[in-house]
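Close look at the chain arrangement
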Amino acid sequence: MSAVEKNKIHKAGKVLASKLIVLLTGILVISAFLLWNCLHANSKQIVEDQPLDLIYTRNYDVSQLKNSKENEIIKYGYEIFQNSSKLIGPKSKNDEHRYAGNNLSCTNCHLGSGTKPFAAPLIGIIQRFPQYRGRENKMGTIKERINGCMERSMNGDTIPKNGKEMNALIAYLNWLSRFASKDGKIKGQGFVKINVPNRAVDLEKGKAVFTVNCAICHQKNGQGKWHEDNSSYEYPPLWGKDSYNNGAGMTRVITAAQFIKANMPFGTTYKNPVLSDEEAYDVAGYINHQLRPEKANKERDFPDLKKKPVSTPYPPFIDTFSIKQHQLGPFLPIMEYYKNEHNIVKSK
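Because the structure is predicted, anything quoted here is derived from the model rather than measured.

Some details on the overall build of the protein
Secondary structure summary: the protein contains eleven helices and four strands in total. Residues counted as buried form 45% of the 348 residues belonging to the protein. Of the contacts formed within the protein by residues at least 6 apart in sequence, a portion of 65% connects residues at least 24 apart. When the accessible area of the protein is evaluated, it comes to approximately 19,200 Å², of which 57% is carbon and sulfur surface.

Quick word on the side chain of His 218
When you line up the elements, His 218 lands in helix 7 (residues 203–218). Reaching out from His 218, the side chain makes a polar contact with the backbone oxygen of Pro 236 at a distance of 2.8 Å. Residues in contact with His 218, not counting those within four places in the same chain, are Phe 210, Gln 223, Gly 224, Tyr 235, Pro 236, Leu 238 and Met 264.

Some details on the packing of aromatic side chains
Using the criterion set out here, one finds 15 aromatic pairs in the structure. A centroid spacing of 5.1 Å and a plane angle of 55° characterise the contact between Phe 118 and Tyr 270, whose relative ring orientation is tilted. Of this pair, Phe 118 sits in the loop between helix 4 (111–114) and strand 1 (131–133) while Tyr 270 sits in the loop between helix 8 (253–263) and helix 9 (277–288), placing them 152 residues apart in sequence. The exposure class of Tyr 270 is partly exposed, given its relative accessible area of 25%. On the basis of an interplanar angle of 45° and a centroid distance of 5.3 Å, the ring pair of Phe 210 and Trp 239 is categorised as tilted.

Considerations on the environment of Lys 91
Locating Lys 91 in the fold gives a position in the loop between helix 3 (84–88) and helix 4. Remark: the alpha-carbon pair of Lys 91 and Ser 231, spanning 140 residues in sequence, is separated by 7.9 Å. In this structure, Lys 91 is in contact with Ser 85, Lys 86, Asn 103, Trp 226, Asn 230 and Ser 231, ignoring residues within four places of it in sequence.

Quick look at unusual backbone geometry
Going from Met 264 to Pro 265, the amide bond is cis rather than trans, its omega being 0°. Counting through the fold element by element, Pro 265 comes out in the loop between helix 8 and helix 9. That bond from Gly 329 to Pro 330 is cis: its omega, 5°, falls within 30 degrees of zero. In this fold, Pro 330 is placed in the loop between helix 10 (323–328) and helix 11 (332–342). Positive phi values are uncommon outside glycine, yet Ser 113 reaches one of about 60°.

A few points about helix 2 (residues 69–82)
Taking 1.5 Å per residue, 14 residues should reach 20 Å; helix 2 reaches 20 Å between its end C-alpha atoms and fits that length. Taken as a whole, helix 2 has its buried residues at Asn 71, Ile 74, Lys 75, Gly 77, Ile 80 and Phe 81. Elements that come into contact with the buried residues of helix 2 comprise helix 3, helix 4 and helix 6 (164–176).

Structural notes on the confidence of the model for the protein
For the protein, per-residue confidence averages 90 on the pLDDT scale, and residues scoring 70 or more make up 85% of the total. Confidence drops under a pLDDT of 50 for residues 29–51, and excluding neighbours within four residues, the segment shows five contacts in the predicted structure.

Conventions we followed
- Residues numbered from 1 in each chain as written.
- Predicted model: local features only at pLDDT ≥ 70, side-chain atom pairs only at ≥ 80, totals over all residues.
- Heavy atoms only, no water.
- Helix = DSSP H or I, 4+ residues; strand = E, 2+ residues; numbered from the N terminus.
- Buried < 20%, exposed > 50% of the residue type's maximum accessible area, 1.4 Å probe, protein only.
- Contact = heavy atoms within 4.5 Å.
- Areas by Shrake-Rupley, 256 points an atom, 1.4 Å probe, with all protein chains shown as cover.
- Polar contact = N/O pair within 3.5 Å; in protein donor to acceptor, adjacent residues only side chain to side chain.
- Phe/Tyr/Trp six-rings, centres within 6.5 Å; stacked < 30°, edge-to-face > 60°.
- Expected span 1.5 Å × (residues − 1).
- pLDDT = per-residue confidence, 0-100.

And the structure:
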């Protein structure tokens, strides 16, 4: 083979090698891009899921707290939360500590001792206060919020703001909130959203849902079931003298339906709801249509009536819809009114 031919072959080899390098480089770049996209997508999904997956799986077991003065206060706050009637209610041995008017416990509404998603969890609650409250039309403190529950859900009197019981509850809430972000916002906060039916509550359907799904725990008469030692309710009463009064947030059909949707019947989670939105809506209306204690001075609630939730079951109202419609719906026309007349978008 002549030198000229060898030179041609050598040059052709170099060209081929260069093309192969370019091709391999392109393949590597594309592969790296695709891999990055895949990892980024997975990472994004992990970040989006992380607050809900992790914040609720943190350690909230007070029994694992070491013995110290500070931890004893936290434990006492937890005990109040679990056994409100025994420590700050009708079953308290100390007459001066009977602040609650019924035998409910905080954990009857804030399920899992305040750690269950979409069951009004209290993780991060400390960081979310002070907070504007439409019911009082002002910025309120966490202590004021607790006393709001005492006067409404617990149908009782306020706890002294600087007393042992209040300080213990605050200590427990602080401890629950230790893993939350600075703004206290968490996924699973409050209740799930539902599609509110554009109709009034069907009380007969609500009764049927209650009979099939709720009566087994809360009893046919809605009066709940006590623990065997008679210390507190295993399943709380849903109406009657020992239930929340008619000034509590849970008396709003939409609020109650949202709570029920993700949590009832017992064992239900937001990931696996048992009831449809319409069933939750009807049974919430049925429950709240029953008799319960009367809250005094309800007319003072929501000084700015435009901010009153549409399913608040008691007057006064700034609109012309009937009390019955505010109690049982349909609520969508009321929402539409506030949007058109006051440029306020309401969801409950």
